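What follows is the residue order along each chain.
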Amino acid sequence: MKCELLRGICNAAVALVFPELCQVCEQERAGAAAGFVCNRCRAGVRFIGPPFCDRCGLPYPGDITTDFECANCRDLKLHFRFARSAVTTGGPVLECIRRYKYQRALWFEPFLGELLVRQADPELAGGSWDCLVPVPLHATRQREREFNQAERLARRLGAATKLPVRTGLLERVLPTFTQTKLTREQRAENVKGAFIIRKGVRLNRERIVLIDDVFTTGATTSACAGILRKAGAADVCVWTVARGL
């Protein structure tokens, strides 16, 4: 009851600052509960379903009736068992993520969290997973942004799946460059040695779901998965809101 009351107060406060207007197209009506994304913009969201690469979840057009891995996965040594994403980065999704991360547009979080929960919740329900682990930010980057988007999205998914969110397993020790404009090889090199298991952490065959906002080549999540597997995790998969194409 208190949470609902607090949420209502927060939504009312946001509505005083932002009109009930979609913050993507700025034409249609959309309120705080919808993440200020209207139905017309939501219609541009492309949810990912089969066929896709069994390893990284990259979607493919047409009909594919056999299991397969894409060329990217065949060329890379990926440490997670599989990765899945809720939607592609088309439509309003990438713009919302960029503004959410870099401009602190937190009003998009309900929309992004909704996309992740809609796709991931039913898939994780029967998987006997133990916990959600958000990809950590370096301390300097987190101070700049004042939040970790992966952690906030993980908490929304955790509330739906009832899986605990564990933020104390991984630490990012290198302030890496943004991956956005790097090649596949540069991305892998950029995150080499960037993550460690936190001192004193002991894993006992846990099955872990890594959470991040966007999956592109898998370099970041694979680096995290490798550290978790070395520390004793039995299995690691990845879920993100969006999949770069």
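Everything in this summary refers to the structure shown in the same document.

Criteria and cut-off values
- All chains use their own residue numbering, which begins from 1 and follows the written sequence.
- Residues qualify for local features only when their pLDDT is at least 70, as the model is predicted, and side-chain atom pairs are given and counted only at 80 or more; totals for whole chains, interfaces and linings, by contrast, use all residues.
- Side-chain figures throughout are based on the complete set of non-hydrogen atoms in the structure, without hydrogens or water.
- Strands here are runs of E lasting at least two residues and helices are runs of H or I lasting at least four, both read from the DSSP assignment and numbered beginning at the N terminus.
- Exposed residues in this analysis have more than 50% of their type's maximum accessible area, buried residues have under 20%, and partly exposed residues fall in between, with area computed by a 1.4 Å probe over protein chains only.
- Accessibility throughout is a Shrake-Rupley quantity obtained with a 1.4 Å probe, and a residue counts as covered only by protein chains that appear here.
- Under the pairing criterion, centres of Phe, Tyr and Trp rings, with the six-membered ring standing for Trp, must be within 6.5 Å; the plane angle then separates stacked pairs below 30 degrees from edge-to-face pairs above 60, leaving the rest tilted.
- Throughout this description, the term charge over a ring refers to an Arg CZ or Lys NZ atom that lies within 6 Å of the ring centre and within 35 degrees of the ring normal.
- Think of it this way: Lys and Arg go in the positive column, Asp and Glu in the negative one, and His and the chain ends go nowhere.
- Criterion for a salt bridge: a side-chain nitrogen of Lys or Arg within 4 Å of a carboxyl oxygen of Asp or Glu.
- We call two residues in contact whenever any of their non-hydrogen atoms come within 4.5 Å of each other.
- For this text, the term disulfide refers to a pair of cysteine sulfurs within 2.5 Å.

Take the overall build of the protein next. Helices and strands together make up the secondary structure of the protein, namely nine helices and six strands. A total of 245 residues make up the protein; the buried ones form 49% of that total. By element, 52% of the accessible surface of the protein is carried by carbon and sulfur atoms, the whole surface being about 12800 Å².

Turning our eyes to something else, we now look at unusual backbone geometry. The omega torsion across P50 and P51 is 5°, close enough to zero to call that bond cis. Positionally, P51 belongs in the loop between α2 (39–42) and α3 (71–75). Positive phi outside glycine occurs at R104, with the angle close to 55°. The topology assignment puts R104 in the loop between α4 (93–102) and α5 (109–124). According to the relative accessible area criterion, R104 is partly exposed, its value standing at 39%. Positive phi, normally seen in glycine, also occurs at R205, with a value near 65°. Within the secondary structure, R205 sits in the loop between β4 (195–197) and β5 (207–215).

One pass over the full model with this rule turns up five aromatic pairs. An angle of 75° between the planes, with centres 5.1 Å apart, marks the rings of Y60 and F68 as edge-to-face. For F68, a relative accessible area of 21% corresponds to the partly exposed category. Taken together, a centroid distance of 5.4 Å and an interplanar angle of 50° make the contact between Y100 and F147 tilted. Of this pair, Y100 sits in helix α4 while F147 sits in the loop between α6 (139–145) and α7 (149–161), placing them 47 residues apart in sequence. What makes Y100 buried here is its relative accessible area of 1%. Looking at R118, its charged tip hangs above the ring of F47, at a distance of 3.8 Å from the centre. Seen from the ring of W129, R207 lies directly overhead, with NZ or CZ sitting 4.1 Å from the centre.

A few words now on the side chain of R145. Inspection of the secondary structure puts R145 in helix α6. In this structure, R145 is buried with no salt-bridge partner, the nearest side chain bearing the opposite charge being D213 at 6.0 Å. Setting aside residues no more than four positions away along its own chain, R145 makes contact with K101, Y102, R104 and L137.

Counting across every chain of the model gives zero disulfides. Not part of a disulfide, C38 finds its nearest cysteine sulfur in C41, a span of 3.7 Å.

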